[in-house]
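# Structure at a glance
If you want the building blocks of each chain, they are given just below.
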Amino acid sequence: MWESYTFALRLAIYLALSGLISAALGLLISQRKSFNTRLSVTFKDSLKTYFRFSLMLFLGASLGYFWIRVGAFAEEGFAGLLDTLMISILYDSGLGKALNYHLLAAFFATLFYMANHYLSPFWIRSFLLISMLTSIVLSFSFTGHTAEFNLLEKSLLSLHILIAFLWLGSLYPLYQLVRLEQPDSVKNALESFGYYASYAVPLLLIAGLCLVYLITDFSQALLITYWGGFLLAKLVIVAAILALAAWHKYRLVPGYLAPLGSLKMAKSLRVEIYLGLGILAFSAVLSTLVSP
């Protein structure tokens, strides 16, 4: 029972973080003069809705995850959720530290949203966004098999987390962009996204492979366990989403202005969103239900 709740809430946290990071960056970019005049009010409102939903999901899932772990450790059924001794013990552990950084990230996210709403100076919004991102990556430094990493290893983890969440979280805004904006503007945006992704994805893969090596040492005995099986399944989906992203960059985006180009892109982005959900689901399994 507790394992199912733990998995569901961990997945919810990953989904929320993907949405929060990508929506925040999207809101920051959309206020620049070069984009603000070309984007419709409907699309910018969808970004704000995406941000608010992700923030509320993140806050609720973070608090829920902590209390579910309290109940699991107390082993007293649902009554264990209110075990004050267990709450105190876990709050003083890495789990409590992670929760504090999640709450801090939610605080900075709220301030960022307010600053963006009132069009505060760009440097203020940038500072709040960086503070939110820093809090997020620090929250992953206290739990799981990465808690004992040194500074360099945690830096690799931070890089991998930020790029992965940003990429997967950006798929929904891109889908909305295709649905709501004019073809010329969409094509330019997709080309820009592909350009930056061509630099970010190799960093994502390098950091991911380094993390796998640090955790497993590429041990065959470990890789044939349940944890290794789920890791392999995740890597298969990663390979599929990379192949689809390449298809977008080299085939669908160049032909976007052709008849049915936007329809083909929208359908392909939906598939990519499903693959992204699969990656996050397997990540949640690897961090909650199985261990190396």
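Below is a short write-up of the structure.

How each quantity is defined
Residues numbered from 1 in each chain as written. Predicted model: local features only at pLDDT ≥ 70, side-chain atom pairs only at ≥ 80, totals over all residues. Heavy atoms only, no water. 1 Å grid on protein atoms, 1.4 Å probe; cavity = no way out; pocket = protein on both sides within 12 Å on 5 of 7 lines; lining within 4 Å. Points joined across faces, edges and corners; volume = space filled by probe spheres on them. Helix = DSSP H or I, 4+ residues; strand = E, 2+ residues; numbered from the N terminus. Nonpolar A, V, L, I, M, F, W, Y, C, P; charged D, E, K, R; others polar. Salt bridge = Lys/Arg side-chain N within 4 Å of Asp/Glu carboxyl O. Buried < 20%, exposed > 50% of the residue type's maximum accessible area, 1.4 Å probe, protein only. Axes fitted to C-alpha atoms, helices over the stretch in contact; angles between N-to-C directions. Parallel < 35°, antiparallel > 145°, perpendicular 65-115°, else oblique. Left-handed = near helix turned anticlockwise from the far one by under 90°.

Looking at the second largest pocket, its volume works out to about 890 Å³. Surrounding the second largest pocket, 26 residues form its lining, L25, I29, S170, A189 and F193 being those nearest its centre. For the lining of the second largest pocket, the elements supplying multiple residues, two or more each, are α1 (2-30), α3 (41-74), α7 (151-180) and α8 (183-216). Of the residues forming the lining of the second largest pocket, the biggest block, 9 residues, is contributed by α8. Among the residues forming the lining of the second largest pocket, the class breakdown is 18 nonpolar, 7 polar and 1 charged.

Right, let's get into the pattern of salt bridges. Under the definition given, this model contains 1 salt bridge. Residue K187 pairs with E191 through a salt bridge whose shortest N-O separation is 2.5 Å. Of this pair, K187 and E191 both sit in helix α8, 4 residues apart, which is roughly one turn of the helix. For K187, a relative accessible area of 16% translates into the label buried.

The next point concerns empty space enclosed by the protein. On inspection of all chains with the given rule, the structure shows 1 cavity of 30 Å³ or more. Volume-wise, the largest cavity comes out at about 30 Å³. What lines the largest cavity is simply R10, A98, H102, S139, F140 and T143. Here the lining of the largest cavity is composed, by residue class, of 2 nonpolar, 3 polar and 1 charged.

By the secondary structure assignment, L171 is in helix α7. In sequence terms L171 and V271 are 100 residues apart; their C-alpha atoms lie 10 Å from each other.

For the rest of this paragraph, the subject is unusual backbone geometry. Trans peptide bonds make up most of the peptide bonds, and negative phi angles are found at most residues other than glycine. The phi dihedral of L260 falls on the positive side, at around 70°, and the residue is not glycine. Following the sequence through the fold, L260 ends up in the loop between α10 (226-252) and α11 (261-288). Look at L260 and you get exposed, because its relative accessible area is 57%.

The next subject is the packing of α10 against α11. Viewed as axis vectors pointing N to C, α10 and α11 meet at an angle of 160°, and their least axial separation amounts to 9 Å. With respect to their mutual orientation, α10 and α11 come out roughly antiparallel. The hand of the α10/α11 crossing is left-handed. Taken together, the residues that form the contact of α10 with α11 break down as 20 nonpolar, 5 polar and 3 charged.

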